[in-house]
Amino acid sequence: MPTSQREQPEPARLHQARQMAESFGMDAQRYDQARPGYPDDLVARIVAGSPGADVLDVGCGTGIAARQFQAAGCAVLGVEPDARMADFAQARGLEVEVATFEAWEPAGRTFDALIAAQSWHWVDPAAGAAKAAQVLRPNGRLAIFGHVFEPPAEVAEPFAAAYRRVAPDSPLSNQPARRPLEMYQAGYAQIADKIRETGRFDDPEQWRFDWEQSYTRDQWLDLLPTTGGLTRLGPEQLAEILGAVGRAIDALGGRFTMHYTTLATTAVRADTP
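Each residue is numbered by its place in its chain's sequence as written, counting from 1. Owing to the predicted nature of the model, reporting of local features is limited to residues with pLDDT of at least 70; listing and counting of side-chain atom pairs is limited to 80 or more, with chain, interface and lining totals taken over all residues. Values reported for side chains reflect all heavy atoms of the structure, with hydrogen atoms and water molecules removed beforehand.

Asker: Describe in detail the environment of Pro 176, supporting the description with residues and values.
Answerer: In this description a helix means any DSSP run of H or I spanning at least four residues, a strand means any run of E spanning at least two, and both kinds are numbered starting from the N terminus. With respect to the helices, strands and loops of the structure, Pro 176 is situated in the loop between helix H7 (153-166) and helix H8 (181-197). The classification of residues rests on relative accessible area computed with a 1.4 Å probe and restricted to protein chains. Under 20% of the type maximum is buried, over 50% is exposed, and intermediate values are partly exposed. Residue classification places Pro 176 among the partly exposed positions, given a relative accessible area of 45%. Here the alpha-carbon distance between Pro 176 and Ala 161, two residues 15 residues apart in the chain, equals 9.8 Å.

Listed below in structure tokens is the structure:
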């Protein structure tokens, strides 16, 4: 099914798919309520590995990750290209500036950590890494992370079949129902390569956090419309897909357990001016 890395075109061109990138704000409240947060251990590790508490959140969305960092004692500034998502985050107490990261003007500001939670695939990978080096203080930490959430085959296969029926012309319809974790890990390795190419960071590290979350039928059907493959479908198309997935979950007893893996590529800004 479409997930954090596979609900879009090829990785090298994701940042050019602006229509899809800015479709998530169509229902910002649903997005905020349904999307999962991030492992507390991940947040704590980033905070502990940063020289201070000033955090820049690139592609902050509704502020899901930002609020976790605020709760950990950080001062967070969000950058978000979708004004609808930014408005929602601001209403929840986050300071947000509306812009793509590439066009955003730091105005001389620098930060102890730069995070990108489920959003770096919408940023030009080379320009983004270079700009991260520009706005991080020496020894500041860049942390790019996101979830791999592949539901069990009993849920993923009916989803994929329904998607192929209702959106046969979509570039997403020819993707397999589930993809191996190694494919996502390869994507994060590519991010590390772009960071290395700047020559401004210590060697990147790859982190992994495994966890589980149980979903009822209604909870999963609430989350699905917030994924990139579905945000631009018509009501009838969406209803057909949700119906197929709902019946599949009913056949499992009305709930299932999702095995999540949260992957991160992180690097420390070199201790140079």
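Asker: Quick rundown of the pattern of salt bridges? Include the residues and the values.
Answerer: Close approach of charged atoms lets side chains of opposite charge pair. Throughout this description, the term salt bridge denotes a Lys or Arg side-chain nitrogen within 4 Å of a carboxyl oxygen of Asp or Glu. Within the structure shown, the criterion is met by 14 salt bridges. With its nearest N and O atoms 3.0 Å apart, the salt bridge here joins Asp 112 to Arg 137. One end of the pair, Asp 112, is in strand S4 (residues 111-117); the other, Arg 137, is in strand S5 (residues 136-149), and 25 residues separate them in sequence. You can call Asp 112 buried: its relative accessible area is 7%.

Asker: A description of the packing of aromatic side chains should follow, citing residues and the corresponding values.
Answerer: Side-chain rings of Phe, Tyr and Trp (the six-membered ring for Trp) are treated as a pair once their centres are within 6.5 Å; stacked means planes under 30 degrees apart, edge-to-face means over 60, and tilted covers the remaining angles. The final tally for this structure, using the stated rule, is twelve aromatic pairs. Summarising the aromatic geometry, the rings of Tyr 215 and Tyr 260 are spaced 6.5 Å apart at their centres and angled 45° between planes, so their arrangement reads as tilted. Of this pair, Tyr 215 sits in strand S6 (residues 205-216) while Tyr 260 sits in strand S7 (residues 255-268), and the two are 45 residues apart along the sequence. Note on Tyr 260: relative accessible area 1%, which makes it buried. Linked through ring pairs, Phe 149, Trp 211, Tyr 215, Trp 220, Phe 256 and Tyr 260 together constitute an aromatic cluster. To sit over a ring, a charge needs its Lys NZ or Arg CZ within 6 Å of the ring centre and within 35 degrees of the ring normal. Arg 45 extends its terminal NZ or CZ atom over the ring of Trp 207, reaching a point 4.0 Å from the ring centre. Here the guanidinium or amino end of Lys 131 rests over the ring plane of Phe 101, the centre of that ring lying 5.6 Å away.

Asker: Before we move on, can you summarise the sheet that holds strand S2 (residues 75-80) with the specific residues and values?
Answerer: One key point about sheets: their strands pair by backbone hydrogen bonds, in either a parallel or an antiparallel sense. Two strands are counted as paired when DSSP detects at least two bridges linking them. Overall, mixed pairing links the seven strands, which are arranged S3-S2-S1-S4-S5-S7-S6 in an open sheet. Every other strand in the sheet has two partners, leaving strand S3 (95-98) and S6 as the edge strands with one partner each. When strand polarity is set aside, the average angle formed by the axes of neighbouring strands in this sheet is 20°. Looking at chain direction, strand S1 (residues 54-58) and S4 are connected through three bridges and run parallel. Note on method: axes are straight lines fitted to C-alpha atoms, helices fitted across the in-contact stretch only, with angles between N-to-C directions ranging 0 to 180 degrees.

Asker: Help me get a handle on the side chain of Thr 266, residues and values and all.
Answerer: Note that Thr 266 resides in strand S7. Overall, the relative accessible area of 1% leaves Thr 266 in the buried class. A 3.5 Å cut-off defines polar contacts: any pair of N or O atoms within that distance qualifies, except that in protein one atom must be a possible hydrogen donor and the other a possible acceptor, and neighbouring residues in sequence count only when both atoms are side-chain atoms. A distance of 2.8 Å separates the side chain of Thr 266 from the side chain of Arg 141, its partner in a polar contact. Once you skip the residues sitting within four places of it in the chain, Thr 266 turns out to touch Arg 141, Leu 142, Ala 143, Pro 204, Glu 205 and Trp 207. The contact rule is simple, with two residues in contact once any of their heavy atoms fall within 4.5 Å.

Asker: Would you mind going over the pairing of S2 in detail, with residue names and values included?
Answerer: Of all six residues in S2, five are buried; the element is thus mostly enclosed. Judged from the five bridges that link them, S1 and S2 form a sheet pairing that is parallel. Its bridge partner lying in S2, Val 58 is registered against Val 79. We call a crossover right-handed when, viewed with the strands running away from us, the connection from the first strand over the helix to the second turns clockwise. Each parallel crossover has a hand, and for S1 linked through helix H4 (residues 64-71) to S2 it is right-handed. In terms of strand pairing, S2 meets S3 through four bridges, oriented parallel. Among the inter-strand pairings, Gly 78 is bridged to a residue of S3, identified as Val 96.

Asker: Describe the side chain of Gln 68, with residues and values.
Answerer: Turning to its location among the elements, Gln 68 is positioned in helix H4. Judged by its relative accessible area of 18%, Gln 68 falls in the buried class. Within the structure, Gln 68 has its side chain in polar contact with the backbone oxygen of Tyr 38 (distance 2.8 Å). Excluding anything up to four places from it in sequence, Gln 68 contacts Gly 37, Tyr 38, Asp 40 and Val 43.

Asker: Help me get a handle on the packing of H7 against helix H10 (residues 235-251), residues and values and all.
Answerer: As a packed pair, H7 and H10 sit with axes 9 Å apart at the nearest point and diverge in direction by 160°. By the angle between their axes, H7 is roughly antiparallel relative to H10. Crossing hand, H7 versus H10: right-handed. Only Gln 237, Glu 240, Ile 241, Ala 244, Val 245, Ala 248 and Ile 249 of H10 make contact with H7, whose side of the interface consists of Glu 154, Val 155, Pro 158, Phe 159, Ala 162, Tyr 163, Arg 165 and Val 166. Classes in brief: Ala, Val, Leu, Ile, Met, Phe, Trp, Tyr, Cys and Pro nonpolar; Asp, Glu, Lys and Arg charged; the others, Gly included, polar. Of the residues that constitute the contact of H7 with H10, the class distribution is eleven nonpolar, one polar and three charged. In this scheme, roughly parallel covers angles under 35 degrees and roughly antiparallel covers those over 145, while 65 to 115 is roughly perpendicular and the rest are oblique. With the far helix as reference, a near helix turned anticlockwise by less than a right angle produces a left-handed crossing, and one turned clockwise produces a right-handed crossing.

Without other data, these values stay purely geometric and don't point to any function.
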